[in-house]
Amino acid sequence: MRITGSTGFVLKPSAWLNTSVVMDAVNKPRNITYKGLTDLVTETDKMSEAAILEVVKKNFEDHLILGEEGGVIGEVASDYLWCIDPLDGTTNFAHGYPSFAVSVGVLYQGKPTAATVVEFVGGPMCWNTRIFTATAGGGAFCNGQRIHVSATNEVERSLLVTGFGYEHDEAWATNIELFKEFTDVSRGVRRLGAAAVDMCHVALGIVEAYWEYRLKPWDMAAGVLMVEEAGGTVSLMDGGKFSVFDRSVLVSNGVLHAKLLERIGPATEELKSKGIDFSLWYKPEDYRTDL
Ligand code: IPD
Ligand code: CA
Ligand code: CA
């Protein structure tokens, strides 16, 4: 699917993101402020979002935008919603610890339809990037090459990934338990700290699955499309139908999905039975979806 701007400009994936802001910053001292005790934001997060907004606003003036740093901007009547994470894995970025990413996913009536994630890899003395792109029905690619999820069909032979948000609530505590249980029965559970990258790694077939509670639309919009287009499966952590405005996500290579849900599903149902909030969040008011 091609997304054409109001000016007639067709936005190519490489043109979506101005990642030079982040690359220019990787070897420089960070200017950090705090959203919470451990929830950081750097000047680079804000500059990266500003650079992306400049391109999107100019070429898609009739679209709606949801940026992590700037919130909702644009035309509420639009079917398109741009979900922008200008720097996913800010803590890693602040420490110079690979990897982190710039992630942009575009929804059409609530469904991911086009995505780009630029992953910053390597670390000090060898920073580099790789670019993941996907369009609905058009496949997923890394640096221009088609990518596929792995074919591993046993949990015991799997490398899994999860994440833990900044809010240490009951869902967080449940996931600490899941981390422990899956560490016991798989080849390992990694915790990288950049949700968009984690999902791209499932799409790339280097890990089998990833799950996390409490992610936001800008964390997930691009990554979930990458996994689907690479042949994987995306659901909520109770097994339900996914939307980027939900508060849990499980992505996998597909063949392992049901096996993972045997444990992740009941743990999530238990949270729901305690009245823990799993309602939609961060959905711009009046944005039309078929949810
Ligand atoms: C965070 C990362 C992290 C995840 C958090 C996210 P940020 O995004 O994706 O891996 O565990 O839930 O908020 O704050 O670095 O953009
Ligand atoms: Ca993020
Ligand atoms: Ca971010």
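These numbers were taken from a predicted model, which means no experiment stands behind them.

Definitions and cut-offs
Residues numbered from 1 in each chain as written. Chains lettered and ligands numbered in written order. Predicted model: local features only at pLDDT ≥ 70, side-chain atom pairs only at ≥ 80, totals over all residues. Heavy atoms only, no water. Donors = N, O, S within 2.8 Å, 3.2 Å for Na, K, Ca; no water. Pairing = 2+ DSSP bridges. Helix = DSSP H or I, 4+ residues; strand = E, 2+ residues; numbered from the N terminus. Contact = heavy atoms within 4.5 Å. Axes fitted to C-alpha atoms, helices over the stretch in contact; angles between N-to-C directions. Buried < 20%, exposed > 50% of the residue type's maximum accessible area, 1.4 Å probe, protein only. UniProt positions renumbered as here; feature names shortened; annotations may be inferred. Polar contact = N/O pair within 3.5 Å; in protein donor to acceptor, adjacent residues only side chain to side chain. Disulfide = S-S within 2.5 Å.

1. Considerations on the coordination of the calcium ion (ligand 2)
And then number 1: Ligation of the calcium ion (ligand 2) by protein atoms is provided by D85 (OD), D88 (OD) and D219 (OD), these donors lying 2.1 to 2.3 Å from the ion.
And then number 2: Written as a sequence motif, the donor residues of the calcium ion (ligand 2) are D-x2-D-x130-D.
And then number 3: Separation of the calcium ion (ligand 2) from the calcium ion (ligand 3) amounts to 3.7 Å, with D85 serving as a shared donor to the pair.

2. Considering the pairing of strand 8 (residues 128-135)
And then number 1: Where strand 7 (residues 111-121) and strand 8 come together, eight bridges link them in antiparallel fashion. From the neighbouring strand, V117 faces strand 8, where its bridge partner is F132.
And then number 2: Two successive antiparallel strands, strand 7 and strand 8, enclose a turn made up of six residues, where G122 displays a positive phi of approximately 100°.
And then number 3: Counting the residues in the hairpin turn of strand 8 and strand 9 (residues 139-142) gives three residues, including G137, whose phi is positive at 85°.

3. Some details on the sheet that holds strand 3 (residues 64-67)
And then number 1: Reading across from one edge, 4-3-5-6-7-8-9-10 is the order of the eight strands in this open sheet, with mixed pairing throughout. Since the sheet does not close on itself, it has two edges, and those belong to strand 4 (71-74) and strand 10 (145-146), each with one partner.
And then number 2: Strands strand 3, strand 5 (80-88), strand 6 (100-108), strand 7, strand 8, strand 9 and strand 10 of the sheet are contacted by helix 7 (residues 217-229), whose axis makes an angle of about 100° with strand 7.

4. Brief notes about the sheet that holds strand 12 (residues 188-190)
In any sheet, the strands associate via hydrogen bonds between backbone groups, in a parallel or an antiparallel arrangement.
And then number 1: Strand order in the open sheet made by the five strands is 12-11-13-15-14, with mixed pairing throughout. The outermost strands of the open sheet, each flanked by one partner alone, are strand 12 and strand 14 (233-235). Along the sheet, successive strands turn relative to each other by an average axial angle of 20°, direction set aside.
And then number 2: Where strand 11 (residues 159-162) and strand 12 come together, three bridges link them in parallel fashion. Paired with L159 across the strands is G188, a residue of strand 12.
And then number 3: Across the face of the sheet, helix 5 (residues 170-185) comes into contact with strand 11, strand 12 and strand 13 (209-213) while running at roughly 155° to strand 13.

5. Thoughts on the coordination of the calcium ion (ligand 3)
And then number 1: Bound to the calcium ion (ligand 3) on the protein side are E68 (OE), D85 (OD) and L87 (O), at distances that span 2.1 to 2.4 Å.
And then number 2: Spacing between the donor residues of the calcium ion (ligand 3) along their common chain follows E-x16-D-x1-L.
And then number 3: For E68, a relative accessible area of 24% translates into the label partly exposed.

6. A few points about the UniProt feature "binding site: Mg(2+)" (unreviewed entry) in the protein
And then number 1: Look at the UniProt record and you will see "binding site: Mg(2+)" (unreviewed entry) annotated at E68, D85, L87, D88 and D219. For this annotated set, covering 152 residues, all C-alpha atoms fall within 9.7 Å of each other, a compact arrangement in space.
And then number 2: Tracing the backbone shows L87 in strand 5.
And then number 3: In contact with L87, not counting residues within four places along its chain, are V22, T42, T44, D45, E68, F93, F100 and A101.
And then number 4: With respect to the element layout, D219 can be found in helix 7.
And then number 5: Given the relative accessible area of 10%, D219 is considered buried.
And then number 6: Once you skip the residues sitting within four places of it in the chain, D219 turns out to touch D85, D88, A195, A196 and M199.
And then number 7: Within the structure, D219 has its side chain in polar contact with the backbone nitrogen of K216 (distance 2.8 Å).

7. With respect to the state of the cysteines
And then number 1: Under the counting rule described, the total for this entry stands at zero disulfides.
And then number 2: A disulfide-free cysteine, C83 has its sulfur positioned 15 Å from the sulfur of C200, the nearest such atom.
And then number 3: In this structure C83 comes out as buried when scored by relative accessible area, which is 0%.
And then number 4: Free of any disulfide, C126 has its nearest cysteine sulfur in C142, 16 Å distant.
And then number 5: Among the residues examined, C126 registers a relative accessible area of 44% and is labelled partly exposed.

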